[in-house]
Amino acid sequence: KSKPEIITVPKANYIAVRGKGNPNEEGGTYQQAVGILYSVKLMDDYLKEKGYTNDINQSRLHHEIYLSDPRKAEPEKWKTVIRHPIKKL
C-alpha cells in the first residue's frame with residue numbers, strides 16, 4: 001500500500017515471540033502499514049486525519065510482523081507490517 005490504512009484484524013494462528021499471550025484476545029480496530037518507508041509519525045498523522053488515536057495498553061499491544069528473511073535481504077530492504085491498536089476520538 002502507498003499509505004497506512006485502518007483495518008479490523010480477524011482471528012489467526014500465531015506464534016508469540018514474547019512466549020505468552022494470544023493476539024486473538026486483543027481484537028478490535030487497528031491501523032496498519034506495510035513497507036520499509038513507514039514511520040510511526042506518518043501513521044500517527046494519518047490517525048489524526050481520520051479521527052482516531054492510538055490505543056496501546058496492557059491488553060492491546062503494538063505488533064510487528066516481519067515479511068522479509070533477514071538472512072536473505074539487506075536491512076534497508078526488510079519489509080515489516082506495523083500494526084497499532086486504535087480507537088475513535
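Residues numbered from 1 in each chain as written. Predicted model: local features only at pLDDT ≥ 70, side-chain atom pairs only at ≥ 80, totals over all residues. Heavy atoms only, no water.

**Student:** Whenever I open this one, the overall build of the protein confuses me. Can you help?
**Tutor:** A count of helices and strands for the protein gives one helix and five strands. Overall, the protein shows an N-to-C arrangement of helices and strands of β-β-α-β-β-β. Out of the 89 residues in the protein, the part that is buried amounts to 25%. Once local pairs closer than 6 in sequence are excluded, the contacts in the protein between residues at least 24 apart make up 64%. Of the accessible surface of the protein, which amounts to about 6,500 Å², a share of 54% is contributed by carbon and sulfur atoms. (Helix = DSSP H or I, 4+ residues; strand = E, 2+ residues; numbered from the N terminus. Buried < 20%, exposed > 50% of the residue type's maximum accessible area, 1.4 Å probe, protein only. Contact = heavy atoms within 4.5 Å. Areas by Shrake-Rupley, 256 points an atom, 1.4 Å probe, with all protein chains shown as cover.)

**Student:** Sorry if this is basic, but what is going on with helix α1 (residues 40-50) here?
**Tutor:** Residues separated by three or four positions in an α-helix point in the same direction, a consequence of the helix having 3.6 residues per turn. All of the buried residues along α1 are M43, Y46 and L47. One face of α1 carries all of its buried residues, which in axial projection span an arc of 100 degrees. Exposed residues lying more than 90 degrees from the buried face of α1 are K41, K48 and E49. The positive-phi residue at the C-terminal boundary of α1 is G51, with phi of around 85 degrees. (Arc of directions from axis to C-beta.)

**Student:** Would you mind going over the pattern of salt bridges with me for this structure?
**Tutor:** Close approach of charged atoms allows side chains with opposite charge to pair. According to the stated counting rule, one finds three salt bridges in the structure shown. Two residues, R60 and D55, come together in a salt bridge whose shortest N-O distance is 2.7 Å. Comparing R60 with D55 shows no difference in burial state: the two are buried. Across the pair R71 and D69 runs a salt bridge whose closest N-O atoms are separated by 2.8 Å. Here R71 falls in the exposed class, since its relative accessible area comes to 74%. A relative accessible area of 22% places D69 in the partly exposed class. (Salt bridge = Lys/Arg side-chain N within 4 Å of Asp/Glu carboxyl O.)

**Student:** I'm lost on the confidence of the model for the protein in this one. Help?
**Tutor:** Where the model shows low pLDDT, its predicted coordinates should not be examined in detail. For the protein, mean pLDDT is 80; residues scoring 70 or higher make up 78% of the total. By mean pLDDT, the top-scoring element of the protein is strand β3 (residues 52-54) (94), and the lowest-scoring one is strand β2 (residues 29-35) (74). (pLDDT = per-residue confidence, 0-100.)

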